[in-house]
Amino acid sequence: RKEVEQDPGPFNVPEGATVAFNCTYSNSASQSFFWYRQDCRKEPKLLMSVYSSGNEDGRFTAQLNRASQYISLLIRDSKLSDSATYLCVVTPSNTGKLIFGQGTTLQVKP
Amino acid sequence: DAMVIQNPRYQVTQFGKPVTLSCSQTLNHNVMYWYQQKSSQAPKLLFHYYDKDFNNEADTPDNFQSRRPNTSFCFLDIRSPGLGDAAMYLCATRHGTGGRQETQYFGPGTRLLVL
């Protein structure tokens, strides 16, 4: 079983749609959680950290459910520029290492 | 201004011919990482340095070596590249003193092609 699992998609949605991505992780001792965004042939860039209480940054909302070992990302009012691959990332214990999911590809169409 | 710089951005090498990829950082971060990312796959950690302390992932092939001569520079050496080593190689840094939520900063990557 992969340490971090995501539905690879692709998710094809129209502009303005709301889309949700899910991610599960296997290591219950994991301590830090992130969503990264990666554009085609570019490096991953941090989108947002994910906290137990849930957090929001503009149109983006991240949730963490430690009991179910589940992380989600909600994007509201999708823009064309949101088209990218979204990587769920987990840090096991205090290592500082990042364990990446395979990524979920989003394509927002006009 | 670029903070994590990788050179070259594209590298073509021949099967079995040693190749070195370089990474430099202007952030004065303690921790540097090398990841391998194959097409449509997740980045996979190869190794990382905390200052001069080298940490190899258990499943990193012996064909991959690394050097960190000083804080700013880190090199990835592939001793005998195979066709399966064609990938994007990503360097990342982290300050290393601010706790587990510290951000990792990625360089733009070097795309390696093996002929």
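For the structure, see preceding data.
Our subject in this report is the structure included herewith. (Residues numbered from 1 in each chain as written. Chains lettered and ligands numbered in written order. Predicted model: local features only at pLDDT ≥ 70, side-chain atom pairs only at ≥ 80, totals over all residues. Heavy atoms only, no water.)

1. Observations regarding the overall build of chain B
When you go through chain B residue by residue, the secondary structure sums to zero helices and 11 strands. Scaling as 2.2 N^0.38, a compact globule of 115 residues should have a C-alpha radius of gyration of about 13 Å, and chain B matches this with 14 Å. Dimensions of chain B, computed from the C-alpha atoms along their principal axes, are close to 40 × 35 × 30 Å. Scored against the burial criterion, the 115 residues of chain B give a buried share of 50%. Pairs at least 24 residues apart make up 56% of the contacts formed inside chain B by residues separated by at least 6 positions. For chain B, the accessible area works out to roughly 5600 Å², and carbon and sulfur atoms hold 50% of it. In chain B, the 11 positive side-chain charges and the 9 negative ones have mean positions that sit 5 Å from each other. (Helix = DSSP H or I, 4+ residues; strand = E, 2+ residues; numbered from the N terminus. Rg over C-alpha atoms; globule rule 2.2 N^0.38 Å. Buried < 20%, exposed > 50% of the residue type's maximum accessible area, 1.4 Å probe, protein only. Contact = heavy atoms within 4.5 Å. Areas by Shrake-Rupley, 256 points an atom, 1.4 Å probe, with all protein chains shown as cover. Lys, Arg positive; Asp, Glu negative; His and termini not counted. Charge placed at Lys NZ, Arg CZ, Asp CG, Glu CD.)

2. Brief notes about the packing of aromatic side chains
Taken as a whole and assessed by the stated rule, the structure comprises 14 aromatic pairs over all chains. For the pair B:Phe47 and B:Phe54, a centre-to-centre distance of 5.4 Å together with 45° between the ring planes defines the contact as tilted. Since its relative accessible area comes to 39%, B:Phe54 is described here as partly exposed. Among the aromatic residues, those joined into a ring-pair cluster are A:Phe34, A:Tyr36, A:Phe100, B:Tyr33, B:Tyr35 and B:Phe106. (Phe/Tyr/Trp six-rings, centres within 6.5 Å; stacked < 30°, edge-to-face > 60°.)

3. Side note on the interface of chain A and chain B
Listed by partner, the interface residues are 21 residues for chain A and 22 residues for chain B. Around 1800 Å² of area is buried between chain A and chain B when both sides are counted, 51% of it from carbon and sulfur atoms. Where chain A touches chain B, the interface holds one salt bridge. A:Lys97 is paired through a salt bridge with B:Glu57; the nearest N and O atoms lie 3.1 Å apart. Taken together, chain A and chain B are joined by three residue pairs in polar contact (both at pLDDT 80 or more). Elements supplying a minimum of two residues to the side of chain A that touches chain B: β4 (30-38) and β5 (44-50) of chain A. Among the elements that line the side of chain A that touches chain B, the one with the most residues is β4(A), at six residues. Looking at the side of chain A that touches chain B, its residues break down into eight nonpolar, nine polar and four charged. (Buried area = accessible area lost by both parts, 1.4 Å probe. Salt bridge = Lys/Arg side-chain N within 4 Å of Asp/Glu carboxyl O. Polar contact = N/O pair within 3.5 Å; in protein donor to acceptor, adjacent residues only side chain to side chain. Nonpolar A, V, L, I, M, F, W, Y, C, P; charged D, E, K, R; others polar.)

4. Brief notes about the sheet that holds strand β1 (residues 4-6) of chain A
All names here are of chain A. Spatially, five strands are ordered β1-β3-β8-β7-β6 in an open sheet, and the strand pairing comes out antiparallel. In this open sheet, the two edge strands, each paired with only one partner strand, are β1 and β6 (55-57). For this sheet, the mean inter-axis angle between neighbouring strands, taken without regard to orientation, is 20°. (Pairing = 2+ DSSP bridges. Axes fitted to C-alpha atoms, helices over the stretch in contact; angles between N-to-C directions.)

5. So, the side chain of B:Gln36
Residue and element names in this part refer to chain B. Secondary-structure assignment places glutamine 36 in strand β4 (residues 31-37). With relative accessibility at 11%, the residue glutamine 36 sits in the buried group. Here tyrosine 89 takes part through its side chain, which lies 3.0 Å from a polar atom of the side chain of glutamine 36.

6. Some thoughts on the nonpolar core
Membership of the largest hydrophobic core comes to 24 residues, with the highest contact counts inside it found for A:Phe21, A:Trp35, A:Ile71, A:Leu73, A:Ile75, A:Tyr86 and A:Leu106. Among the elements of the structure, β3 (19-25), β4, β5, β7 (60-65), β8 (70-75), β9 (84-92) and β11 (104-109) of chain A are those that each provide at least two residues to this core. When near neighbours in sequence (up to four residues on either side) are disregarded, A:Ile71 contacts A:Phe21, A:Asn22, A:Cys23, A:Tyr25, A:Phe33, A:Trp35, A:Val50, A:Gln63, A:Leu64, A:Cys88 and A:Val90. Listed in part, the 18 residues of the second largest apolar core include B:Val4, B:Phe64, B:Leu112 and B:Val114. (Core = buried A, V, L, I, M, F, W, Y, C linked by side-chain atoms within 4.5 Å.)

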